[in-house]
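For reference, the chains in residue letters:
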Amino acid sequence: RMPRRAQQLRDHDINPCVAETDASRKCMDENNYDKSMCTDYFLKYKNCRKFWQDIKMERRRNGVKPEMPSAEERKKILESIG
């Protein structure tokens, strides 16, 4: 059984960047943990976190609950911006 925090990180409703996390880890595994080989993956992860953190802060300011959109709602947001 996974620890609670690990379960949350795998939950698409809580963590909007599961795919970017997995891609970064896979890159590190495949490149013998040479970080310089995975810069693009790290940047994608960083951009994902920043994007959704900004959405979360905007929703918090506007009193929208939950602060983090669900996985389904995030999909619609991404489709709307192309």
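Refer to the structure presented above.
Residues numbered from 1 in each chain as written. Predicted model: local features only at pLDDT ≥ 70, side-chain atom pairs only at ≥ 80, totals over all residues. Heavy atoms only, no water.

(A) Inspection of the state of the cysteines at higher detail. The final tally for this structure, using the stated rule, is 2 disulfides. At a sulfur-sulfur separation of 2.0 Å, the disulfide partner of Cys17 is Cys48. An S-S torsion of about -100° defines the bridge between Cys17 and Cys48 as left-handed. Taken as a pair, Cys17 in the loop between helix 1 (4-10) and helix 2 (18-30) and Cys48 in helix 3 (residues 39-61) lie far apart in primary sequence, 31 residues in all. (Disulfide = S-S within 2.5 Å. Helix = DSSP H or I, 4+ residues; strand = E, 2+ residues; numbered from the N terminus.)

(B) Looking closely at the nonpolar core. In this structure, Cys17, Cys48, Trp52, Ile55, Met68 and Ile77 together form the largest nonpolar core, which totals 6 residues. Broken down by element, this core gets its largest block of residues, 3 residues, from helix 3. (Core = buried A, V, L, I, M, F, W, Y, C linked by side-chain atoms within 4.5 Å. Buried < 20%, exposed > 50% of the residue type's maximum accessible area, 1.4 Å probe, protein only.)

(C) Looking closely at helix 3. The terminal C-alpha atoms of helix 3 lie 33 Å apart, and with 23 residues this matches the ideal 33 Å at 1.5 Å per residue to within 8%. Regarding helix 3, the residues found buried are Cys48, Trp52, Ile55 and Arg59. Structurally, helix 3 contributes buried residues whose contacts are with helix 2 and helix 4 (71-81). One or two positions beyond helix 3, positive phi appears at Gly63, with a value near 70°. (Expected span 1.5 Å × (residues − 1). Contact = heavy atoms within 4.5 Å.)

(D) Layout of helix 2. Helix length check: helix 2, at 13 residues, gives a terminal C-alpha distance of 18 Å against a target of 18 Å (1.5 Å per residue), a fit within 8%. Where helix 2 is concerned, the buried positions are Val18, Thr21, Ser24, Cys27 and Met28. Elements that come into contact with the buried residues of helix 2 comprise helix 1 and helix 3. Of the residues one or two after helix 2, Asn32 is the one with positive phi, at around 50°.

(E) Fine view of the pattern of salt bridges. All told, the structure shown has 5 salt bridges when counted by the stated rule. Glu30 is the salt-bridge partner of Lys26, the closest N and O atoms lying 3.8 Å from each other. Of this pair, Lys26 and Glu30 both sit in helix 2, 4 residues apart, which is roughly one turn of that helix. Here Lys65 ties to Glu67 by a salt bridge, and the two come within 3.7 Å at their closest N and O atoms. When salt bridges that share partners are traced, they join Arg60, Lys65 and Glu67 into one network. (Salt bridge = Lys/Arg side-chain N within 4 Å of Asp/Glu carboxyl O.)

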